[in-house]
Amino acid sequence: MVEKESMIYKNLGKSGLKVSAISLGNWLTGHNLEFEETQYQCFSKAIEAGVNFLDTAEIYGFGNAETELGNILKKGEWNRDELVISTKFIKAGTKLSQTGLGRKRLIQGVRNSLKRLQLDYADIIFLHRPDQDVPIVETVRTVNHLIETGKADYWGTSEFTPAELMEVFEVCEKYGFVEPVAEQCQYSMMWRKRVEVELAPLFDHYGMGTTVWSPLMGGILTGKYNQGIPDGTRVSDPMLPAFVKQRYEEPFLPENKETTLKKLQELGKVAEDLGCTQAQLAIAWCMKSPDVSTAITGATRPQQIEDTIKSVEVVEKLTPEVLNRIEEILQTRPTPPMNWRTWELMPHRR
């Protein structure tokens, strides 16, 4: 059995699908199939510990990540019914036929992904990014078709704006299509506004869940960066996409570096007082949010999985007093919207 008493399981939004509060993806390693054996060990460790949600995407290594995960699943011979497997669609290569969310492309993309994954269906298919060249009604109608024909059980979005999500739900309501159950967005101690302010009304109104990514802010919250950006880490990787690199480098710009290092070092003291690592503290902090269904993590070696799983034990240690201490250190809590009836700010999300 995948389920473990020590693992936390949450409903994915208002759906009946239960997912582990920690999940495992292969964005970091799926670009190179040479990592497959090590990844098999990582996924085995995670599944043995109760992780049931596994995430990948067609764009990771242009199919290599899905191939890797498919081989791992075949080798592992785990009970398929106990796993929740998701993949994402927007770009599978450089050709015109491999890009976008039009009906033909999306149906072909799902067919090819399932072949690489060696699966009959995916539990969740995500629209990895919006496609402004395709009418949203065409995309949503196609997703609905894929669900009705058994290629997927649920669907979601990734990095959609609130306005784009509103349009998605309006289309679903108008035509009676299956609604998305989750948004896959970035969230961490240092990247909060999208989840805690912008998407919050959608969580409340539509019951969307989240499968958040980068809970360690690209490794910055692990403790390795407490003295600055070390060589050989992800932020110093020249292959990192420019928009991601800029996001991760910003805290270490000359005008921000001193403040950033002070925050990281103070978080290290909190972790020490709780008897955990700084990475475990950051992941547990994400899991503590009622708006986070699962936090997607990655690993390049099995020991990282063992360390990550221990984050579950830290969640119950995050008392109101500890959370307040963390907020005083971070100073990243976003300003909530104004209640114009009272001319006062609405309560903070967390």
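Residues numbered from 1 in each chain as written. Predicted model: local features only at pLDDT ≥ 70, side-chain atom pairs only at ≥ 80, totals over all residues. Heavy atoms only, no water.

Each disulfide consists of one covalent bond between the sulfur atoms belonging to two cysteines. Under the definition given, this model contains 0 disulfides. No disulfide involves Cys 172; its sulfur sits 18 Å from the nearest other cysteine sulfur, which is in Cys 185. For Cys 172, a relative accessible area of 2% puts it in the buried group. Looking at the unpaired Cys 286, the closest cysteine sulfur is the one in Cys 185, lying at 10 Å. (Disulfide = S-S within 2.5 Å. Buried < 20%, exposed > 50% of the residue type's maximum accessible area, 1.4 Å probe, protein only.)

Of the voids in this model, the second largest pocket is the one considered here, and its volume is about 330 Å³. Along the walls of the second largest pocket sit 14 residues, with Met 190, Glu 250, Pro 251, Lys 263 and Thr 332 positioned nearest its centre. No other element matches the 3 residues that helix α9 (residues 257-274) contributes to the lining of the second largest pocket. When grouped by side-chain class, the residues that make up the lining of the second largest pocket number 4 nonpolar, 5 polar and 5 charged. (1 Å grid on protein atoms, 1.4 Å probe; cavity = no way out; pocket = protein on both sides within 12 Å on 5 of 7 lines; lining within 4 Å. Points joined across faces, edges and corners; volume = space filled by probe spheres on them. Helix = DSSP H or I, 4+ residues; strand = E, 2+ residues; numbered from the N terminus. Nonpolar A, V, L, I, M, F, W, Y, C, P; charged D, E, K, R; others polar.)

As a further point, take the pairing of strand β10 (residues 294-297). Burial along β10 is two-sided: the face carrying Thr 294 and Ile 296 and the face carrying Ala 295 and Thr 297 are both buried. Sheet topology places strand β3 (residues 22-25) next to β10; 3 bridges connect them, and they run parallel. Looking across to β10, one finds that Ile 22 is bridged to Ala 295. (Pairing = 2+ DSSP bridges.)

For the coordinates displayed, the defined rule picks out 1 cavity of 30 Å³ or more. Of the volumes computed, that of the largest cavity is approximately 30 Å³. For the largest cavity, the full set of lining residues is Ile 22, Ser 23, Leu 24, Ala 46, Val 51, Thr 297, Ile 305, Thr 308 and Ile 309. Residue assignment for the lining of the largest cavity shows that the elements contributing at least two residues are β3 and α11 (302-309). Here the lining of the largest cavity is built from residues that sort into 6 nonpolar, 3 polar and no charged.

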